[in-house]
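# Descriptive structure summary
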Amino acid sequence: MDVFSDFLIIGSGIAGLSCALRLARHGKVSIITKKSKLDASTNFAQGGIAAVLGLNDSFDLHVKDTLEAGDGLCHEDVVKMVVERGPRLINELVSLGVDFKTAADTGSFDLGREGGHSRNRIVHALDVTGREVEKNLINRAEESPNITFYENHMAVDLLTRSRIFRRGAVTTESEDTCWGAYVLDAHHGRVDTFVARFTIICTGGAGKVYLYTSNPDIAGGDGMAIGFRAGVKVANMEFVQFHPTCLFHPHAKNFLISEAVRGEGGRLMDAQGCYFMEKYHPRKDLAARDIVARAIDRELKKSGADCVYLDITHRDADYLRSRFPNIYQTCLSYGIDITKDPIPVVPAAHYMCGGLVADLSARTNVNRLYAVGEAACTGLHGANRLASNSLLEALVFAEAAYQDIAAQTEENKDLLNKDFPSWDPGGATDSDESVVVTHNWDEIRRTMWNYVGIVRTTKRLIRAKHRIDNIRQEIDEYYWDFLITRDLLELRNLATVADLIVRSALIRKESRGLHYMPEYPQRDDENWSVDTVLSIYDSNHDRYR
Ligand code: SIN
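Below: a short report on this structure. (Residues numbered from 1 in each chain as written. Predicted model: local features only at pLDDT ≥ 70, side-chain atom pairs only at ≥ 80, totals over all residues. Heavy atoms only, no water.)

## Some words on the packing of aromatic side chains
Definition in use: Aromatic pairing here means that ring centres of Phe, Tyr or Trp (its six-membered ring) are within 6.5 Å. Orientation follows from the plane angle: under 30 degrees is stacked, over 60 is edge-to-face, and everything else is tilted. Either the NZ atom of lysine or the CZ atom of arginine qualifies as a charge over a ring when it sits within 6 Å of the ring centre and within 35 degrees of the ring normal.
For the coordinates displayed, the defined rule picks out 11 aromatic pairs. A connected cluster of aromatic rings, assembled from ring pairs, spans Tyr210, Tyr212, Phe242 and Trp449. Above the plane of the ring of Tyr451 lies Arg463, whose end atom (NZ or CZ) is 5.6 Å from the centre.

The following block contains the structure:
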């Protein structure tokens, strides 16, 4: 089956929905999402969105905090653009129905504090901010006659000029053009051709590449992988953010304890009840995330304990129940009363600062292909993202992509009348060995957790590289022999992203932001204050086809 639309959006989180709502003014929008439309990382975001809305705040301060967290790698022009557009876009969300918490007396936003921020500037909907944003954006999108959701649809690969006319036609990074994607309809088990004048990758992050993560199951780096395979450059993949405080409990899967808890006075302590963050940074528990996650890692290695504890029991119990209803209830369901008990926590993979290189208009180096949100690397986050800057980035770049595309609305219209070759399954047959997929999936995640985590060494990175190389080879053989399933596609993408992270980490011979290597303990501005950029055009062109 062929589906023709003006705009193809891959992913249904804040980035995809914000693009869709704007682009729907200019034509038909198809949103493909690999599970249900609510299965987006946005839905799990707790803390909020950072924006300069307080009387004692300024753009300069937000810029400074972002640059400081980014540890010398942020692109200052991008930081300024994002920070300055923030307040207007927050108010736009309010006009779309998003109910951010306001102070009862003044009616102004109740601004929270998180690590690395010098002012209170986080707008929030208590501890379910992402859910509130996602729900409203989906409601608005469902009202639009120009937007169609395709649930249980997963992009296999992008439909590019080089793919259609065989790869010899395109030899440099900027020559290729995207015309949509081949998409697996997982319900019917067939691959459809989605043709579009413009394609926007909004697939979010890749936390699932690690064994322990705050991310939902969908976060497998699909967009990064399909983009890279299509020739989009990726940058800074070594900068994987580990959130310091995920709930540690044998039955809790991926549950985050928001940094806002530390913003409200929560303090980290060891099993003996000793608070330890003052040893590591003057901002103590509200230092930037890389510092806090490394401090916890150090304490755990020193003591051999399984977790540390986050203590907020000194705050009023009624206040905690009303400020953190979701965290309170979830912890209670595991037998932890946060008003009385310190919360057992560990760091877990949370956010990819790297991704598909996108410019100020969210354009990638492939024509008519854009990347927005966590899947992209715009230069905002540098070596470490400042808390609550991620949803903000998605809003700003969704608008930027829209503005760029809207200026070209008349272009490429004839594309929608053209025939494109259907997906060719070759001689693939049904697999009766899904155990291979499960095994490889598990091995990648364990390898990444054990060898490519918070603290890295060259020896461990090389070990990880060998394992990932073997798995990738196995997947390549398996992939072409068997009919495509969502699990197989996810595995292939996960292996690609793991490979990109490991290769980038091996390139950077210094410690900076989230990339910490004791054998190169210092930041080295002379040699390494540059993005780590990888492209299939650099060397092993065919390795990814
Ligand atoms: C949190 O609530 O701690 C997560 C916010 C973020 O990742 O920016």
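## What about the nonpolar core?
Across soluble globular proteins, nonpolar side chains show a tendency to be buried alongside one another. How we decide: Nonpolar cores were defined as sets of buried Ala, Val, Leu, Ile, Met, Phe, Trp, Tyr and Cys residues, with membership established by side-chain atoms within 4.5 Å. Using a 1.4 Å probe on the protein chains alone, a residue whose accessible area is under 20% of its type maximum counts as buried, one over 50% counts as exposed, and one in between counts as partly exposed. Throughout, a residue-residue contact means that at least one pair of heavy atoms, one from each residue, lies within 4.5 Å.
By size, the foremost hydrophobic cluster in this structure holds 79 residues, and its most contacted members are Val156, Leu158, Tyr210, Ile444, Met448, Val452 and Ile501. Not counting chain neighbours up to four residues away, the residues in contact with Ile501 comprise Val209, Tyr210, Met237, Glu238, Val240, Met352, Met448 and Val452. If you look at the next biggest cluster of nonpolar residues, it comprises 53 residues, including Ala24, Ala362, Phe397 and Ala400.

## Overview of the packing of helix α6 (residues 222–229) against helix α14 (residues 486–507)
Selection rule: Helix axes are fitted only over the stretch in contact, all axes being lines through C-alpha atoms; the angle between N-to-C directions runs from 0 to 180 degrees. By the criteria applied, helices consist of DSSP H or I runs no shorter than four residues and strands consist of E runs no shorter than two, each listed in order from the N terminus. An angle below 35 degrees is read as roughly parallel, one above 145 as roughly antiparallel, one from 65 to 115 as roughly perpendicular, and any other as oblique. Throughout, the ten residues Ala, Val, Leu, Ile, Met, Phe, Trp, Tyr, Cys and Pro are labelled nonpolar, Asp, Glu, Lys and Arg are labelled charged, and all others, Gly among them, are labelled polar.
Look at α6 against α14: their axes get within 8 Å of each other, and the N-to-C directions meet at 75°. One element, α6, and the other, α14, form an angle in the roughly perpendicular class. Seen from α6, the contacting residues are Asp222, Met224, Ala225, Ile226, Phe228 and Arg229; seen from α14, they are Glu490, Arg492, Asn493, Thr496, Val497 and Leu500. When the residues that make up the contact of α6 with α14 are grouped by side-chain class, the tally is six nonpolar, two polar and four charged.

## Some points on the site of the ligand
Operational definition: The cutoff for a nearby residue is simple: one of its non-hydrogen atoms must lie within 4 Å of the molecule or strand. Polar contact is the term for a pair of N or O atoms within 3.5 Å; when the atoms are in protein, one must be able to donate a hydrogen and the other to accept it, and sequence-neighboring residues count only if both atoms are side-chain atoms. With residues, only the protein chains shown are counted as cover, and all accessible areas are computed by Shrake-Rupley using a 1.4 Å probe.
What surrounds the ligand is the set Gln46, Gly47, His243, Leu256, Ser258, Glu259, Arg289, His350, Arg385, Ala387 and Ser388. Here an oxygen atom of the ligand sits 2.9 Å away from a polar atom, N or O, in the main chain of Gly47. At 2.7 Å from an oxygen atom of the ligand is found a side-chain nitrogen or oxygen belonging to His243. Contact with the protein chains hides 94% of the accessible area of the ligand, taken as 260 Å² for the molecule alone. Along the lines of polarity and charge, the residues of the shell around the ligand split into two nonpolar, six polar and three charged.

## Concerning the sheet that holds strand β9 (residues 234–235)
To be explicit about the condition: Paired strands, as defined in this entry, are two strands with at least two bridges between them according to DSSP.
Reading across from one edge, β16-β14-β9-β17 is the order of the four strands in this open sheet, with mixed pairing throughout. Since the sheet does not close on itself, it has two edges, and those belong to β16 (376–377) and β17 (533–534), each with one partner. Bridge analysis of β9 against β17 gives two bridges, and the strand direction is antiparallel. When the bridges of β17 are listed, Val234 appears paired with Leu534. Relative to strand β14 (residues 355–357), α6 is tilted by about 40°, and along the sheet it contacts β9, β14 and β17.

## Here's the deal with the pairing of strand β12 (residues 308–311)
For a regular strand, side-chain orientation follows a simple rule: the groups alternate between the two sheet faces. Where strand β11 (residues 267–269) meets β12, three bridges bridge the pair, whose relative direction is antiparallel. Pairing of Met269 across the sheet is with Tyr309, part of β12. Direction of pairing for β12 relative to strand β13 (residues 343–352): antiparallel, over a ladder of three bridges. Bridge pairing in β13 places Leu310 opposite Ile343.

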